[in-house]
Amino acid sequence: MQTDRYDNTITTASAAVADAYADAVDCLLAGAPGLIPAFEAVTEADPAFALGWVGLARAHQSFGAMPAAGQAMERARSLPAGLTERERSHLNAFDLLIAGKGPQAYAAIRAHVNTWPRDALVAQTCSSVFGLIGFSGQPGREAEILAFTAALMPHYGEDWWMTSQYAFALCENGALARAEAQIDRALALRDRNAHGAHVRSHILYETGRTAEGRAWLSDWLAPYARDGIMYGHLTWHSALWSLAERDTEAMWAQVDAAVAPDSGSLSPGINVLTDTASILQRAMMAGVAVSADRWAAVSAYALQAFPATGNAFIDVHAALAHAMAGNDAALEAIITAPAGPAADLVPGLACGFRAMAAEDWGAASENLTGAMSDLARIGGSRAQRDLVEQCLLTSLIRDGREREAQDIARLRRPLLVSGADTHATH
Ligand SMILES: [Fe+2]
């Protein structure tokens, strides 16, 4: 009998395959380079090992390669019976998830994790801001991720992955000191954990430690290969700090090396679109000139990569890109046909961006304010949603309402108000 690193029984006869599977799962949990080859090595070594195919499907899905994910799931389903009850449940959960049946997948995953809390690959689908809870569009999504990860913590002991996920949930709920203690612990257990490095970057951002964050992340990123799933997004974090320090030369170098659509980024499309639109807009609000070509490229990428609405976080960034590129037809399509669980927030934000592009600051303020009471429902992290916060502050200031902008900044982002990250003075 073989087991995975979390002591779950796996149906493969070979210890070598079990080791390769443990490595591949760790690769996914750590956001390490070589993820697809790691799972391919498992399926090549034992084509009858169903969970190897499920893992490969999840790896492809992580990069947004849905046809390849579907094919791998088909292979998993085609294998003869003989799986354990956990493996059957694991396979079923990913089958639903990869088929796009989000609500059914969520129900199956919660039930699965209740029975097998140490099935990390299944738990991982709900444990961060880009997961099933994170994109649920529901009020209280941040608290729900914290409750989910806190409930799992006692089952994991000294585990670098679970601890880093718990730290992220603490950070996003504003428990920054506790988050920092947990991420220090997680990274002490395994430093080369890109998701852990990401969490520390968020904590450094939330606490306004720009110079410290920029230096630390630069060191961490140096040996991290481009095919690591977090390479583009961590580069975006670094570029934000470059912008905050007014080092625009470094910021553009980072955007052009690993963030923008034409950078050769290997990141998931959601990161390419949202990170590029975000940094361009934040640069503009900081007084940095952004060429029309850059906006046109991200608008075109949004249309090609995400032709249909359905995820508010993606759609809001697409709307921003279309507004700034002057792509009225694409913007109108999002405004008139929003979809998904947070669709109600999308038109107001999109109209706000359109008003910003037209320099109608009063209309921009009015539209953006409407989404502020529960902006977290659109998904993403607090750092990512600062884009919208800063759009509102900028619109208010340019509308001559500086006092209102100051009050809102102090109310919503008190720790960042005094830092260089707040561009609202421009
Ligand atoms: Fe992030």
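Because the structure is predicted, anything quoted here is derived from the model rather than measured. (Residues numbered from 1 in each chain as written. Predicted model: local features only at pLDDT ≥ 70, side-chain atom pairs only at ≥ 80, totals over all residues. Heavy atoms only, no water.)

**Student:** Help me understand the overall build of the chain, please; the structure alone is not making it clear to me.
**Tutor:** Along the backbone of the chain there are 23 helices and two strands. For a compact globule of 426 residues, the expected C-alpha radius of gyration is about 22 Å, and the chain comes in at 21 Å, within 12% of that figure. A buried classification covers 58% of the 426 residues belonging to the chain. For the chain, the proportion of contacts with a sequence separation of at least 24, taken over those separated by at least 6, is 63%. Roughly 15,900 Å² of accessible area belongs to the chain as shown, and the carbon and sulfur atoms make up 54% of that amount. One finds the centroid of the 31 positive side-chain charges in the chain at a distance of 4 Å from the centroid of its 47 negative side-chain charges. (Helix = DSSP H or I, 4+ residues; strand = E, 2+ residues; numbered from the N terminus. Rg over C-alpha atoms; globule rule 2.2 N^0.38 Å. Buried < 20%, exposed > 50% of the residue type's maximum accessible area, 1.4 Å probe, protein only. Contact = heavy atoms within 4.5 Å. Areas by Shrake-Rupley, 256 points an atom, 1.4 Å probe, with all protein chains shown as cover. Lys, Arg positive; Asp, Glu negative; His and termini not counted. Charge placed at Lys NZ, Arg CZ, Asp CG, Glu CD.)

**Student:** Whenever I open this one, the coordination of the iron ion confuses me. Can you help?
**Tutor:** Four donors placed tetrahedrally about a metal ideally form angles of 109.5 degrees, and six donors placed octahedrally ideally form angles of 90 or 180 degrees. For the iron ion, the full set of protein donor atoms is H198 (NE2), H202 (NE2), H233 (NE2) and H237 (NE2), and the range of their distances to it is 2.1 Å. One can describe the donor arrangement at the iron ion as irregular, given that its four donor atoms subtend angles of 85 to 174° at the metal. Each donor residue of the iron ion belongs to the same chain, with the gaps between them written as H-x3-H-x30-H-x3-H. Of this pair, H198 sits in helix 11 (residues 194-206) while H237 sits in helix 13 (residues 231-244), and the two are 39 residues apart along the sequence. (Donors = N, O, S within 2.8 Å, 3.2 Å for Na, K, Ca; no water. Tetrahedral: all angles 85-135°; square planar, octahedral: opposite > 155°, others 65-115°.)

**Student:** So what exactly am I meant to see when it comes to the pattern of salt bridges here?
**Tutor:** Between side chains of opposite charge, pairing is possible as soon as their charged atoms come close. The final tally for this structure, using the stated rule, is 24 salt bridges. Note that R77 is salt-bridged to D95, the shortest N-O span being 2.5 Å. Pair noted here: R77 is in helix 4 (residues 66-78) and D95 is in helix 5 (residues 85-98), with a separation of 18 residues, a long-range link. The exposure class assigned to R77 is partly exposed, which follows from its relative accessible area of 44%. Salt bridges sharing partners connect three or more residues here, namely E206, R382, D386 and R413. (Salt bridge = Lys/Arg side-chain N within 4 Å of Asp/Glu carboxyl O.)

**Student:** Where do I start with the domain arrangement of the chain in this structure?
**Tutor:** Interface size is often expressed as the accessible area that is lost when the parts come together. Domain boundaries assigned for the chain yield domain 1 (2-126), domain 2 (139-207) and domain 3 (224-417). Domain 2 and domain 3 are separated by 25 Å when their C-alpha centres are compared. Tallying the contact residues gives 17 residues for domain 2 and 23 residues for domain 3. Here domain 2 packs against domain 3, burying approximately 1,600 Å² in sum over the two surfaces, 60% of which is carbon and sulfur. When the buried surface of domain 2 facing domain 3 is broken down by residue, R141, Y205 and E206 rank first, second and third, together holding 38% of it. At the boundary of domain 2 and domain 3, one finds three salt bridges. (Domains from an automatic or database assignment. Buried area = accessible area lost by both parts, 1.4 Å probe.)

**Student:** Explanation requested: the nonpolar core in the structure shown.
**Tutor:** In a soluble, globular protein the nonpolar side chains are often hidden away together inside. In terms of nonpolar packing, the biggest core is built from 150 residues, with Y21, F39, W161, W295, L349, F353 and M356 touching the most fellow members. In terms of residues, this core owes the most to one element, helix 17 (residues 312-325), which gives 10 residues. Setting aside chain neighbours within four positions, we find F39 in contact with Y21, A24, V25, L28, G52, G55, L56 and A59. (Core = buried A, V, L, I, M, F, W, Y, C linked by side-chain atoms within 4.5 Å.)

**Student:** Honestly, the confidence of the model for the chain in this entry has me stumped. Any pointers?
**Tutor:** Keep in mind that low pLDDT regions are not for reading the predicted coordinates in detail. When pLDDT is averaged along the chain, the result is 95; 98% of the residues meet or exceed 70. Between residues 420-426, whose pLDDT stays under 50, and residues either more than four places distant or in other chains, the model counts 26 contacts. (pLDDT = per-residue confidence, 0-100.)

**Student:** Help me out: how do you make sense of the packing of helix 9 (residues 160-172) against helix 10 (residues 176-189) in this one?
**Tutor:** The geometry of a pair of packed helices is captured by two quantities: the angle between their axes and the separation between those axes. Contact geometry for helix 9 and helix 10: axes closest at 8 Å, N-to-C directions at 160°. The angle between helix 9 and helix 10 falls in the class roughly antiparallel. For helix 9 against helix 10, the interelement crossing comes out left-handed. Note on element contacts: helix 10 touches helix 9 through L176, R178, A179, Q182, I183, R185, A186 and L189, opposite W160, T163, S164, Y166, A167, L170 and C171. Within the contact of helix 9 with helix 10, the residues separate by chemical class into 10 nonpolar, three polar and two charged. (Axes fitted to C-alpha atoms, helices over the stretch in contact; angles between N-to-C directions. Parallel < 35°, antiparallel > 145°, perpendicular 65-115°, else oblique. Left-handed = near helix turned anticlockwise from the far one by under 90°. Nonpolar A, V, L, I, M, F, W, Y, C, P; charged D, E, K, R; others polar.)

**Student:** In this structure, what is going on with helix 8 (residues 141-156)? I would like to understand it.
**Tutor:** Each α-helix turn comprises 3.6 residues. Residues three or four places apart therefore point the same way. Between the first and last C-alpha of helix 8 there are 23 Å, a value that for 16 residues agrees with the 22 Å anticipated at 1.5 Å per step. Those residues of helix 8 that sit buried are R141, E142, I145, F148, T149, L152, M153 and Y156. End-on, the buried residues of helix 8 take up no more than an arc of 150°, which puts them together on one face. At its buried positions, helix 8 is contacted by helix 6 (102-115), helix 7 (120-123), helix 9, helix 10 and helix 21 (382-398). Just beyond helix 8, the residue with positive phi is G157, at close to 60°. (Expected span 1.5 Å × (residues − 1). Arc of directions from axis to C-beta.)

**Student:** Explain the packing of aromatic side chains to me, please; I cannot follow it from the model alone.
**Tutor:** For any two aromatic rings, the description comes down to two numbers: the centre-to-centre distance and the angle of the planes. In the structure shown here, the tally under the stated rule is nine aromatic pairs. An aromatic cluster is present here, built from Y6, Y156 and W161 joined pairwise through their rings. Above the face of the W220 ring, R192 is positioned so that its terminal group lies 3.8 Å from the ring centre. (Phe/Tyr/Trp six-rings, centres within 6.5 Å; stacked < 30°, edge-to-face > 60°. Lys NZ or Arg CZ within 6 Å of the ring centre and 35° of its normal.)

**Student:** It is not clear to me how the environment of A283 should be interpreted in this structure. Could you clarify?
**Tutor:** Position of A283 relative to the elements: it lies in helix 15 (residues 269-285). Each C-alpha atom, one on A283 and one on S127, is 31 Å from the other, the two residues being 156 residues apart in sequence. Beyond its immediate chain neighbours, meaning those up to four positions away, A283 contacts L243, M251, V288 and V290.

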